[in-house]
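So the chains spell out like this:
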Amino acid sequence: MRSPQWKVYDAENKYVASTKDTEGASLLMSLYGTGATIRYDHRQIVWTEGVDGNASLSYDDTTEVITKRLYGGLLLKTGAR
C-alpha cells in the first residue's frame with residue numbers, strides 16, 4: 001500500500017503531515033499559516049500559503065490550482081503518479 005501523496009510542511013520547512021486528498025492537505029496547511037506548503041510526494045511544491053492565496057477561503061479552488069499545476073488541467077485520478 002502506498003503512502004498518501006500530498007505532504008504538508010510548515011513555514012520552517014518541517015514535514016508535519018500527509019493526506020490522501022488535496023482538500024485535507026489544504027485544510028491542514030492553512031492551519032500552519034503563511035509560508036506553509038503542500039507538496040506532491042515531498043518533491044514538488046504545488047501551493048504556498050500566503051503566496052498562492054489563502055487556502056481556507058476555498059479548498060475547492062486550491063484543489064483546482066494544484067490539479068492544473070500538476071496535470072495541466074487534466075482530471076486528477078486517485079493514485080495517479
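Residues numbered from 1 in each chain as written. Predicted model: local features only at pLDDT ≥ 70, side-chain atom pairs only at ≥ 80, totals over all residues. Heavy atoms only, no water.

(A) Inspection of the overall build of the protein chain at higher detail. Within the protein chain, the secondary structure is distributed over 2 helices and 4 strands. N-terminal to C-terminal, the α/β element order of the protein chain is β-β-α-β-β-α. Each of the 81 residues in the protein chain was classed as buried or not, and the buried ones make up 38%. For the protein chain, long-range pairs separated by at least 24 residues make up 41% of all intrachain contacts whose partners lie at least 6 apart in sequence. (Helix = DSSP H or I, 4+ residues; strand = E, 2+ residues; numbered from the N terminus. Buried < 20%, exposed > 50% of the residue type's maximum accessible area, 1.4 Å probe, protein only. Contact = heavy atoms within 4.5 Å.)

(B) Here's a closer look at the packing of aromatic side chains. Tallying each qualifying case throughout the model produces 2 aromatic pairs. With a centroid separation of 5.6 Å and 55° between ring planes, the pair formed by tyrosine 9 and tyrosine 15 is classed as tilted. Taking relative accessible area as the criterion, tyrosine 9 reaches 10% and is therefore assigned buried. Across the ring face of tyrosine 9, the terminal group of arginine 39 is positioned such that the distance to the ring centre comes to 3.8 Å. (Phe/Tyr/Trp six-rings, centres within 6.5 Å; stacked < 30°, edge-to-face > 60°. Lys NZ or Arg CZ within 6 Å of the ring centre and 35° of its normal.)

(C) Region of interest: the pairing of strand E1 (residues 6–9). The alternating pattern of E1 places Trp6 and Val8 on one face and Lys7 and Tyr9 on the opposite face, and all of these are buried. Pairing geometry for E1 and strand E2 (residues 15–19), over 4 bridges, is antiparallel. Bridge assignment links lysine 7 to a residue of E2, and that residue is serine 18. Bridge analysis of E1 against strand E3 (residues 37–40) gives 4 bridges, and the strand direction is antiparallel. Residue pairing in the sheet places tryptophan 6 in a bridge with tyrosine 40 of E3. (Pairing = 2+ DSSP bridges.)

(D) How the structure looks around the sheet that holds E2. Spatially, 4 strands are ordered E2-E1-E3-E4 in an open sheet, and the strand pairing comes out antiparallel. A single partner strand is all that each edge strand has here, and the edge strands are E2 and strand E4 (44–48). Ignoring which end each strand starts from, the neighbouring axes of this sheet average 30° apart. Alignment of E3 against E4, held across 4 bridges, turns out to be antiparallel. Residue pairing for E4: tyrosine 40 is matched across the bridge by glutamine 44. (Axes fitted to C-alpha atoms, helices over the stretch in contact; angles between N-to-C directions.)

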